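Now for the letters of each chain:
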Amino acid sequence: MTGESRRPGRIEVICGSMFSGKTEELIRRLKRAKFAKQRVEIFKPTIDTRYSEEEVVSHDQHSIMSTPVDSSSSILLLSADMDVVGIDEAQFMDMGIIEVCNTLANRGVRVIVAGLDMDFKGVPFGPMPGLCAIADDVTKVHAICVKCGNLAYVSHRIVNNDKLVLLGEVGEYEPLCRECYQQVMESETSE
């Protein structure tokens, strides 16, 4: 069979800054797979409880039911007999997620992963660089810079907190383009 009903295993990564539509695109692809009568399972890290403990929810409130997991190895155990596996907020997963995605794809599963490609300091985030490297397809989506309107490059943290993982949304982060981010960083270091 061809088309959306049955394809060989593959890994699709959706990455970008906060507010770029990563989760929205993940939900769209997963809903299409469900519409095509494929067996779909969605996972997210248990740490992500911003909008719901059991749903994957986009910033504009679109949602889909999911299974929260503490470790990537749980995904292999819970996704038997699935055609499509979705994983949201992959940057918060352990490094084992790379091998889990490879294993699933090698079994013929379509794996769709969404996550931040960089942290608030502009550094590649967790397993995302490795997932991009092994992906069959990478879609980089962009938010709009809140300062100038260009395509955003990074999620700038606007609260004073140096923790790598700080769950947040509009009150904690803003999308900035490269130039505006550089200007903000220069002004913060000169203070």
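Here, every reference points to the structure presented above.
What counts as what
- Residues numbered from 1 in each chain as written.
- Predicted model: local features only at pLDDT ≥ 70, side-chain atom pairs only at ≥ 80, totals over all residues.
- Heavy atoms only, no water.
- Pairing = 2+ DSSP bridges.
- Helix = DSSP H or I, 4+ residues; strand = E, 2+ residues; numbered from the N terminus.
- Axes fitted to C-alpha atoms, helices over the stretch in contact; angles between N-to-C directions.
- Polar contact = N/O pair within 3.5 Å; in protein donor to acceptor, adjacent residues only side chain to side chain.
- Phe/Tyr/Trp six-rings, centres within 6.5 Å; stacked < 30°, edge-to-face > 60°.
- Buried < 20%, exposed > 50% of the residue type's maximum accessible area, 1.4 Å probe, protein only.
- Lys NZ or Arg CZ within 6 Å of the ring centre and 35° of its normal.
- Salt bridge = Lys/Arg side-chain N within 4 Å of Asp/Glu carboxyl O.

**Q** Tell me what's going on with the sheet that holds strand E2 (residues 40-45), and back it up with residues and numbers.
**A** Pairing is parallel across the open sheet formed by 6 strands, whose spatial order is E5-E2-E6-E7-E1-E8. Each edge of the sheet is formed by a strand with only one pairing partner; in this case those strands are strand E5 (67-69) and strand E8 (137-141). Averaged over all adjacent pairs, the angle separating strand axes in this sheet is 20°, with direction ignored. In this structure, strand E6 (residues 84-87) lies alongside strand E7 (residues 110-116), joined through 4 bridges in parallel fashion. Bridged to Ile87 within E7 is Val113.

**Q** Lay out the side chain of Arg157 with the relevant residues and their values.
**A** Take Arg157: it is sitting in strand E9 (residues 154-157). At a separation of 2.9 Å, a polar atom in the side chain of Arg157 contacts the side chain of Tyr173.

**Q** Which residues make up the packing of aromatic side chains, and what are the values?
**A** One pass over the structure, following the stated rule, counts 2 aromatic pairs. Relative to Phe125, the ring of Phe92 lies with its centre 5.9 Å away and its plane at 85°, an arrangement referred to as edge-to-face. Taken as a pair, Phe92 in the loop between E6 and helix H3 (97-106) and Phe125 in the loop between E7 and helix H4 (128-134) lie far apart in primary sequence, 33 residues in all. In this structure Phe125 comes out as buried when scored by relative accessible area, which is 6%. The side chain of Arg157 reaches across the aromatic face of Phe120, ending 3.7 Å from its centre.

**Q** Run through unusual backbone geometry, naming residues and quoting values.
**A** The phi dihedral of Asp81 is positive, around 65°, even though this residue is not glycine. If you trace the backbone, Asp81 turns up in the loop between helix H2 (73-78) and E6. Of note in this structure, Glu89 is not a glycine but carries a positive phi near 55°. For Glu89, the position within the fold is in the loop between E6 and H3.

**Q** Can you tell me about the pattern of salt bridges, naming the residues and giving the values?
**A** Pairing between side chains of opposite charge can happen when the charged atoms of each approach one another. Summed over all chains, the structure comprises 8 salt bridges. Between Arg10 and Glu12 there is a salt bridge, and its shortest N-O distance comes to 2.8 Å. Like Arg10, the residue Glu12 is buried in the burial classification. The closest approach of N and O atoms between Glu25 and Arg28, which form a salt bridge, is 2.8 Å. Linking Glu25 with Arg28, this pair stays in helix H1 (residues 22-35), spanning 3 residues, or about one helical turn. Among the residues examined, Glu25 registers a relative accessible area of 17% and is labelled buried. Arg28 sits in the partly exposed class, given a relative accessible area of 41%. A single salt-bridge network, built from bridges that share partners, covers Arg10, Glu12, Glu25, Arg28, Arg29 and Arg110.

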